[in-house]
Amino acid sequence: MANIKLDIFRFDEATDTIPHRDVVEVDIPETITVLDALEHAKAEVDGSISFRRSCRSAICGSCSMNINGVTSLACKTNCKDVMDEDGSIQVDPMPNFQPMKDLVVHMDPFWDKYARLKPYLQPKDKDSDHERERRVSPDDMKKLVDVANCIMCATCYALCPVVSVDPAFAGPAAIAYAYRFIEDVRDSKRDERIAQISEDYLWLCAHCYACSYCPKHVDPNWRIVDVKRAAIKDRVLMNERGPRHALVVAKTIKQTGMLAETEVIQGTIGRFNIKGLVKITFLGAALGMRMALKGKMPPPFIKPIPKVDEVRTIFESLEVPVS
Ligand code: SF4
Ligand code: SF4
Ligand code: FES
């Protein structure tokens, strides 16, 4: 048995203006999960502690919370793996969400972004065209299996730094789920789905890999790469800044081995977008001045680095599309 001290974030939006913390001690085997420790604390010490849970088996996606600063499923996290030497475990609500009561958060922004995707099959043909189900080949199904494991726990969303600075960003789970239908051979709305997720700021993803920490190994970061690739390959919304930016970055690195920032700005805004270029010139003037003073102004023309062929070989092996 171990003496576990659960240091719990407490807040009730109905009565509190600021949160406080309670330390609740429970004597339980250290091999049990953080969720079981919370259940014990609620049953034996303080019945008002609030948290979401259902399956206790990493299936329902309800119990995601911040445990010692890392968002994870409480039912998949053993106390012995996270407790400090004195048995303390800090539990907080998921970041990037508004707390409602203790560890329960308002999930509406997460569900709203998911709902915008129309996350259901919109088939190419009628049900009556099929005697039984719509069959999919094992090869076509392989692409969807991992992402179909998503349990909508929002762990990735809570971990995403772009969501924290720009709440309009669809977030990793929604984009991964968009991929699930974009790549479904039975679906009829591939282009519309790509356009929708682009509109929901797909291109803001910074590929920081934070969302790779997914309890179900969906790894949304790579599904986001796949959706961006699909948008470029299918040439959907090629007049938008996102795909143009991705292509011009790839192009300048392939040409010179370096990021040609001046060309990237022009290529992203659009060479013939005079209004946009004038605006960025004014906005960038102060920044440009500061960069020039610090000797960090990028040169207008960049010579290829000595081993640029090696960079080009990497691009070719990855089959990166460069316009
Ligand atoms: S992608 Fe992973 S972390 Fe994100 S909601 Fe789905 S299961 Fe949870
Ligand atoms: S890879 Fe993209 S979606 Fe994932 S956490 Fe980073 S910024 Fe967010
Ligand atoms: S209780 Fe269902 S995922 Fe943790």
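Conventions and cut-offs
Residues numbered from 1 in each chain as written. Chains lettered and ligands numbered in written order. Predicted model: local features only at pLDDT ≥ 70, side-chain atom pairs only at ≥ 80, totals over all residues. Core = buried A, V, L, I, M, F, W, Y, C linked by C-beta atoms within 7 Å. Buried ≥ 20, exposed ≤ 12 C-beta atoms within 10 Å, placed from the backbone. Helix = DSSP H or I, 4+ residues; strand = E, 2+ residues; numbered from the N terminus. Domains from an automatic or database assignment. Contact = placed C-beta atoms within 7 Å. Near = placed C-beta within 6 Å. Nonpolar A, V, L, I, M, F, W, Y, C, P; charged D, E, K, R; others polar.

Caption draft 1: Representation of the nonpolar core. Counting 61 residues, the largest nonpolar core has L6, I175, A178 and V227 as the members making the most contacts within it. The dominant element in this core, judged by the number of residues it contributes, is helix α7 (residues 172–182), at 9 residues. If you count residues domain by domain, this core takes at least three from each of domain 1 (2–105) and domain 2 (108–128 + 135–233). Apart from the residues within four sequence positions on either side, I175 is in contact with A170, I197, L202, P220, R223, I224 and V227.

Caption draft 2: The site of ligand 2, seen in detail. Taken together, 15 residues surround ligand 2, and among them C160, P172, C205, C208 and C211 come closest. Elements that contribute at least two residues to the shell around ligand 2 include exactly α6 (161–165) and α9 (220–233). The dominant element in the shell around ligand 2, judged by the number of residues it contributes, is α9, at 3 residues. Classifying every residue of the shell around ligand 2 gives 13 nonpolar, 2 polar and no charged.

Caption draft 3: Fine view of the domain arrangement of the protein chain. The domain boundaries assigned to the protein chain delineate domain 1 (2–105), domain 2 (108–128 + 135–233) and domain 3 (241–318). Between domain 2 and domain 3, the contact holds 6 residues from the first and 5 residues from the second. Here the side of domain 2 that touches domain 3 is composed, by residue class, of 4 nonpolar, 1 polar and 1 charged.

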